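Here is what each chain is made of, one letter per residue.
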Amino acid sequence: MSRIAYVNGRYLQFREAKVHIEDRGYQFADGVYEVCEVRSGRLLDSRRHLERLKRSLDALRIRMPMSATALGVIIREVIARNRIGYGIVYVQIGRGVARRDHAFPRPDVPPSVVVMARRLDPARNEMLAANGIAVVSVPDNRWGRVDIKTVGLLPNVLARQAAIEQGARDAWFIDKEGAITEAASANAWIVTQAGALVTRHADQAILRGITRMVVLDAIKAQGLRIEERAFSLAEAYAAREAFVTSATTIVLPVVRIDGRAIGDGKPGPVATALRREFFRHAEVG
Ligand code: PDD
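Not measured: the values here are computed from a predicted model.

J.: Requested: an account of the nonpolar core, with residues and values cited.
T.: Membership of the largest hydrophobic core comes to 24 residues, with the highest contact counts inside it found for Leu53, Leu71, Ile75, Val89, Ile93 and Val115. At the level of elements, β3 (31-39), α2 (46-60), α3 (68-81), β5 (87-94) and β6 (112-119) are the ones that each hand at least two residues to this core. If you tally residues by element for this core, the top one is α3, at five residues. Excluding residues that lie within four positions of it along the chain, Leu71 makes contacts with Leu50, Leu53, Met64, Met66, Val91, Ile93, Val113 and Val115. Trp172, Ala183, Phe231 and Ile262 belong to the second largest nonpolar core, which has 22 residues in total.

This is the structure:
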């Protein structure tokens, strides 16, 4: 079956789905995006993803090109046209097409909108979760506003590539104080020896993950201890468990950091339980 994408008002075959060479998303990474999980053909937590999209656009002073309802209709149409049962949908909104100049276009141009969807293999993801993943630490050399979900992801790309070249799957960013901020495309968590769940407080140095918020709800419902604070690499090495959260991975156990086994080197019971519990707290659209 051929894939269909929405590009600036039209549903197109993938090979025809193209953007202009002077699209500011392409030239300056002047745009934002969202990734939402699809389960049984239905969106997970779309309300919160669209709210975050609006916050990212406001932060960059890009206008929302249509109502959230209209965008929701397009997203669902793309899911339906691609017959996605289990997968992800990707939404990107950029400042638009204009003659190359760093300053905002004057007069204003219409924002660019792209929506595409892709199937994921559920068995492959479950296998990944059952085995856990290895991560490596890398310096966090990103800009100071990574709470805005922009398409400017070069440090994340390089971090992920460095991880793969070292035989790991993901990278954990370390800030100048030696604290872990987050993973290349997920939030980072540990379970301490005392049983507390620790993830960095959501400031401008991490993306406020939607999965992170849902997992926080699941943790509260289970009566487990939460500490939203910075944690060091040494603390992570000594943790009982570690895991990452994102829309594409939900809760994914981390079993090695920089080649050192975390806990007994296998996915831990807290992460495994939270992976299941997540679905009781997520909003199904
Ligand atoms: N990434 N931190 C970063 C840097 C991310 O890119 C992501 C998501 C997250 C987790 O956010 P959420 O729980 O809302 O997915 C944290 C998406 C999945 C991506 O870029 O593909």
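J.: I'd like a rundown of the pairing of strand β7 (residues 133-139), residues and numbers included.
T.: Direction of pairing for β7 relative to strand β15 (residues 250-257): parallel, over a ladder of three bridges. Directly across from Val135, in β15, lies its bridge partner Ile257. Direction of pairing for β7 relative to strand β8 (residues 170-174): parallel, over a ladder of five bridges. Following the sheet pairing, Val135 is matched in β8 by Asp170. For the crossover from β7 across helix α5 (residues 154-165) to β8, the handedness is right-handed.

J.: So what's going on with the site of the ligand? Which residues, and what values?
T.: Taken together, the neighbourhood of the ligand is formed by 20 residues, with Tyr33, Glu182, Ile210, Thr211 and Ala247 sitting nearest. Contacts to the ligand include Tyr33, whose side-chain N or O atom sits 2.7 Å from an oxygen atom. Notes on the ligand: free accessible area 480 Å², of which the protein chains cover 91%. Sorting the residues of the shell around the ligand by element identifies β3, α2, β9 (179-183), α6 (210-221) and β14 (241-246) as the ones contributing at least two each.

J.: Tell me what's going on with the domain arrangement of the protein, and back it up with residues and numbers.
T.: Assigned domains within the protein: domain 1 (4-120) and domain 2 (125-281). The interface of domain 1 with domain 2 comprises 22 residues on the first partner and 20 residues on the second. With both sides pooled, the region where domain 1 packs onto domain 2 buries about 1800 Å², and carbon together with sulfur makes up 65% of that total. Interface area lost by domain 1 to domain 2 is led by Tyr33, Arg48 and Arg52, which between them contribute 35%.

J.: Summarise unusual backbone geometry; cite the residues concerned and give the values.
T.: Cis geometry marks the peptide bond from Arg106 to Pro107, where omega comes out at 0 degrees. Looking at where Pro107 falls in the secondary structure, it is placed in the loop between β5 and β6. Not every positive phi belongs to a glycine, and Ser40 is a case in point at roughly 50 degrees. Position of Ser40 relative to the elements: it lies in the loop between β3 and β4 (42-43). A residue is classified by how much of its surface remains accessible, and Ser40, at 69% relative accessible area, is exposed. Look at Ile250: it is not a glycine, yet its phi comes out positive at around 55 degrees. Turning to its location among the elements, Ile250 is positioned in strand β15.

J.: Tell me what's going on with the environment of Tyr26, and back it up with residues and numbers.
T.: Mapping Tyr26 onto the fold places it in helix α1 (residues 24-28). As for Tyr26 and Val151, which are separated by 125 residues in sequence, their C-alpha atoms are 9.2 Å apart. Once residues lying within four places of it in the same chain are set aside, the contact partners of Tyr26 are His20 and Ile21.

J.: Before we move on, could you go through α5 and cite the residues and values that matter?
T.: The terminal C-alpha atoms of α5, which comprises twelve residues, lie 16 Å apart, in line with the 16 Å expected from a rise of 1.5 Å per residue. For α5, the complete set of buried residues consists of Asn156, Ala159 and Ala163. Axial view of α5: buried residues confined to an arc of 65 degrees, hence all on one face. In α5, the exposed positions that point more than 90 degrees away from the buried face belong to Leu154, Leu158 and Glu165. Residues of α5 that are buried sit in contact with β7 and β8. Backbone geometry just downstream of α5 places Gly167 in the positive-phi region, at approximately 80 degrees.

J.: Quick rundown of the packing of α2 against α6? Include the residues and the values.
T.: Relative orientation of the contacting elements α2 and α6 amounts to 135 degrees, with a least axis distance of 10 Å. In terms of orientation, α2 lies oblique with respect to α6. For α2 against α6, the interelement crossing comes out right-handed. Across the interface between the two elements, Arg48, His49 and Arg52 of α2 pack against Ile210, Met213, Val214 and Asp217 of α6.

Conventions adopted
- Numbers given to residues run from 1 along each chain, matching the order in which its sequence is written.
- Restriction of local features to residues with pLDDT of at least 70 applies here, the model being predicted, together with a cutoff of 80 or more for giving and counting side-chain atom pairs; totals for whole chains, interfaces and linings are based on all residues.
- Excluding hydrogens and water, the side-chain figures rest on all heavy atoms present in the structure.
- For our purposes a nonpolar core is just a set of buried Ala, Val, Leu, Ile, Met, Phe, Trp, Tyr and Cys residues, chained together by side-chain atoms within 4.5 Å.
- Whether a residue is buried, partly exposed or exposed follows from its accessible area with a 1.4 Å probe, protein chains only, as a fraction of its type maximum: under 20%, in between, or over 50%, in that order.
- A run of H or I in DSSP counts as a helix once it spans at least four residues, and a run of E counts as a strand once it spans at least two, with each numbered from the N terminus.
- Whether two residues are in contact is decided by their heavy atoms, any of which lying within 4.5 Å being enough.
- Two strands are counted as paired when DSSP detects at least two bridges linking them.
- Consider the strands pointing away from the viewer: the crossover is right-handed when the path from the first strand over the helix to the second runs clockwise.
- Nearness here has a simple test: a residue counts as near a molecule or strand if at least one of its heavy atoms is within 4 Å of that partner.
- Think of a polar contact as two N or O atoms within 3.5 Å of one another; within protein, one of them needs to be a possible hydrogen donor and the other a possible acceptor, and neighboring residues in sequence only count if both atoms come from side chains.
- Here the accessible surface of atoms and residues is derived via Shrake-Rupley with a 1.4 Å probe, and residues count as covered only by protein chains that are part of the display.
- Each domain span listed reflects an automatic or database assignment of domains.
- Buried area counts how much accessible surface, traced with a 1.4 Å probe, disappears from two parts once they are put together, with both parts' losses summed.
- The length a helix should cover is 1.5 Å for every residue beyond the first.
- It is the directions from the helix axis to the C-beta atoms whose arc is reported.
- All axes here are fitted lines through C-alpha atoms, helices being fitted over the stretch that makes contact, and every angle between N-to-C directions spans 0 to 180 degrees.
- Here is the rule for angles: anything less than 35 degrees is roughly parallel, anything more than 145 is roughly antiparallel, 65 through 115 is roughly perpendicular, and the remaining ranges are oblique.
- Two helices cross in a left-handed way if the nearer one is turned anticlockwise from the farther one by less than a right angle. They cross in a right-handed way if the turn is clockwise.

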